[in-house]
Amino acid sequence: MTRAPSSISCPPRWGTPRRPDRPTLGPRVAEIAEKLGTPLMPWQQHVADVALEVDPDTGLLVYREVGLTVPRQSGKTTLLLSAMVHRALGFGGRQRILYTAQTRGAARQKWEDEHVATLERTRLRRMFSVRKQLGQEAIRWKNGSRHGISSNTEKAAHGETLDMGVIDEAFAQEDERLEQAFKPAMITRPQPQLWVLSTAGTAKSTYLRGKVDAGRDRCEAGLTEAACYFEWSAPDEADPGDPATWWACMPALGHTVTEAAVRAEFESMKLGEFRRAFLNQWPDAAPDQWLVIPEAPWTALTDESSKLVDPVAFALDITPDRSWGAIGVAGRRADGLEHIEVIDHRPGTRWMVPRAIELVQRWQPCALVVDGGGPGGSLIADLEAAGLEVVKPSARDLVQACGAFYDAVVPPAGAATDWASPLRHLGQAPLTAALAGAAKRPLGDAWAWARRGVSTDISPLVAVTLARWGHATRAHLADTSDPMDNIW
């Protein structure tokens, strides 16, 4: 798939291109946006310019339908309001505009709290009146135009003509009944437009999915008649925790949205919800599996007979909600290859300090590692009170540990076919499940394992990652005069 040509810094992944041989009403929408106090961002101007292209032979709008999917908080509402006000005032006569959302109640709330409230704060307030009577809500412009709301049913727009219909939050539509209600009301009008807008939907969003697939197909075919389509989204394989992914698919980033705000959402939301809301990805297109390290190279490193020799390093980690804890170990085998293993993975945390004491007394490890800045940091006081020395990695150590783990598993780009990883594992289900569901979180100029925003318990993965780092940085200090068998 090739991006549509665009001069904006964050072009749509799919987008109907601007036809410079056609005049456009887009600049007039920009003038309205200025009057509303919400100047258009480059992406909004691009959509307005294309959507409101005029056929130079007829003087009428080229596109009868406008499809738009963008991440949340991109400014869809401000673009839409500017386009609706322009429709009411800029078409030389009475226009009827209907807005719908997930439900009639949601449409009314958006209409009253954002459409009406925004307009009443501007100089345009002298040009309209507002009727809020239930079932007859409308912004009534002095030129006779009306901007109202409707239910999302087959009865919407029934019995009246319609110039501009808006299906907002189209993911909530499970069939085409609303569109089938709008289009007959638009058939006799000279310049009708149906706007369908949303963020990516769910498995139930069959109406929107049909619009998305059709829009993508039109863009791929280079069609520039009848319907236009725009989509800002991240590819399925994109790293959801990488700021580069955000900058490539969030057109409001750097304008009304900050990278810090997106990072906060990434770390607090479930990964699937983040990807749908902020990357505009469909759940079936990007399952929460194997986002960081591919499954194939990890599986290839399985050796169920692998055993450690002294010295070893242990590490402890806990889930953020403290529902599970894990202890990992790392070291080398007799043949010199590295070995990682989950020693224990149990519900709760009370068992962890006694188990750590037992392991340290038996193995005399070269390191016992706990991330003091993570949820496991609460164990440090009890471990030290028991006389154990705890190694506490810094943020720099954490990113080095994660990067080194990645490099040990994933073949480097352009690697020879005989490239061999130095690492082996037992194929344990808790560790494999943790890696399958893991994601990255930005940390400085690098990354670490994301503790929040994922639905998987990654404590086994964090534990072996830290144990491996502990062995790499402390093994040379250990006394190996009394090697032991790998018996837990």
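Above this text is the structure in question.
So, here is what we can say about the structure in this document. (Residues numbered from 1 in each chain as written. Predicted model: local features only at pLDDT ≥ 70, side-chain atom pairs only at ≥ 80, totals over all residues. Heavy atoms only, no water.)

### Remarks on the overall build of the chain
Here's step 1: When you go through the chain residue by residue, the secondary structure sums to 15 helices and 16 strands.
Here's step 2: For a compact globule of 488 residues, the expected C-alpha radius of gyration is about 23 Å, and the chain comes in at 29 Å, more than 25% above that figure.
Here's step 3: Dimensions of the chain, computed from the C-alpha atoms along their principal axes, are close to 95 × 50 × 35 Å.
Here's step 4: Across the 488 residues of the chain, 55% fall into the buried class.
Here's step 5: Taking contacts inside the chain between residues at least 6 apart in sequence as the whole, the part at least 24 apart equals 72%.
Here's step 6: Within the chain, the 60 negative side-chain charges are centred at a point lying 10 Å from the centre of the 55 positive side-chain charges. (Helix = DSSP H or I, 4+ residues; strand = E, 2+ residues; numbered from the N terminus. Rg over C-alpha atoms; globule rule 2.2 N^0.38 Å. Buried < 20%, exposed > 50% of the residue type's maximum accessible area, 1.4 Å probe, protein only. Contact = heavy atoms within 4.5 Å. Lys, Arg positive; Asp, Glu negative; His and termini not counted. Charge placed at Lys NZ, Arg CZ, Asp CG, Glu CD.)

### Topic: the sheet that holds strand E10 (residues 309–318)
Here's step 1: The mixed open sheet is built from five strands, whose spatial order is E13-E10-E11-E12-E14. Sheet topology places strand E13 (367–370) and strand E14 (423–424) at the edges, where each strand pairs with a single neighbour.
Here's step 2: Each of E10, strand E11 (324–332), strand E12 (338–347) and E13 is contacted by helix H11 (residues 352–363), which is oriented at about 170° to E10, the strand it contacts most. (Pairing = 2+ DSSP bridges. Axes fitted to C-alpha atoms, helices over the stretch in contact; angles between N-to-C directions.)

### Thoughts on the packing of helix H13 (residues 395–409) against helix H15 (residues 459–474)
Here's step 1: Running from N to C, H13 and H15 point in directions that differ by 95°, and their axes come no closer than 9 Å. When the axis of H13 is compared with that of H15, the two are roughly perpendicular. Touching Asp397, Leu398, Ala401, Cys402, Ala404, Phe405 and Ala408 of H13 are Leu461, Val464, Thr465, Leu466, Arg468 and Trp469, all from H15. (Parallel < 35°, antiparallel > 145°, perpendicular 65-115°, else oblique.)

### Regarding the pattern of salt bridges
Here's step 1: On inspection of all chains with the given rule, the structure shows 31 salt bridges.
Here's step 2: Note that arginine 108 and glutamate 112 form a salt bridge whose closest N and O atoms lie 3.4 Å from each other. Pair noted here: arginine 108 and glutamate 112 are both in helix H4 (residues 104–120), with a separation of four residues, about one helical turn.
Here's step 3: Two residues, arginine 355 and glutamate 358, come together in a salt bridge whose shortest N-O distance is 3.0 Å. With arginine 355 and glutamate 358 both in helix H11 and three residues apart, the pair spans about one turn of that helix.
Here's step 4: Residue glutamate 358 is classed as partly exposed on the basis of its relative accessible area of 41%.
Here's step 5: The network of salt bridges with shared partners includes Arg104, Arg108, Glu112, Lys132 and Glu137. (Salt bridge = Lys/Arg side-chain N within 4 Å of Asp/Glu carboxyl O.)

### As for a positive patch on the surface
Here's step 1: Positive charge collects at one region of the surface, where Lys35, Arg123, Arg125, Arg126 and Lys142 lie side by side.
Here's step 2: Mapped onto the elements, lysine 35 comes out in helix H1 (residues 26–35). (Patch = residues over 30% accessible without salt bridge, like charges linked within 9 Å, V, L, I, M, F, W, Y side chains within 5 Å. Areas by Shrake-Rupley, 256 points an atom, 1.4 Å probe, with all protein chains shown as cover.)

### Side note on the nonpolar core
Here's step 1: Counting 108 residues, the largest nonpolar core has Phe405 and Trp449 as its most contacted members.
Here's step 2: A total of seven residues in this core trace back to one element, the largest contributor, which is helix H3 (residues 76–89).
Here's step 3: The residues contacting phenylalanine 405, other than those within four sequence positions of it, are Ile293, Trp298, Ile340, Leu435, Trp449, Leu461, Val464, Thr465 and Arg468.
Here's step 4: In this structure, Leu316, Trp351, Ala356 and Val360 belong to the second largest nonpolar core, which totals 22 residues. (Core = buried A, V, L, I, M, F, W, Y, C linked by side-chain atoms within 4.5 Å.)

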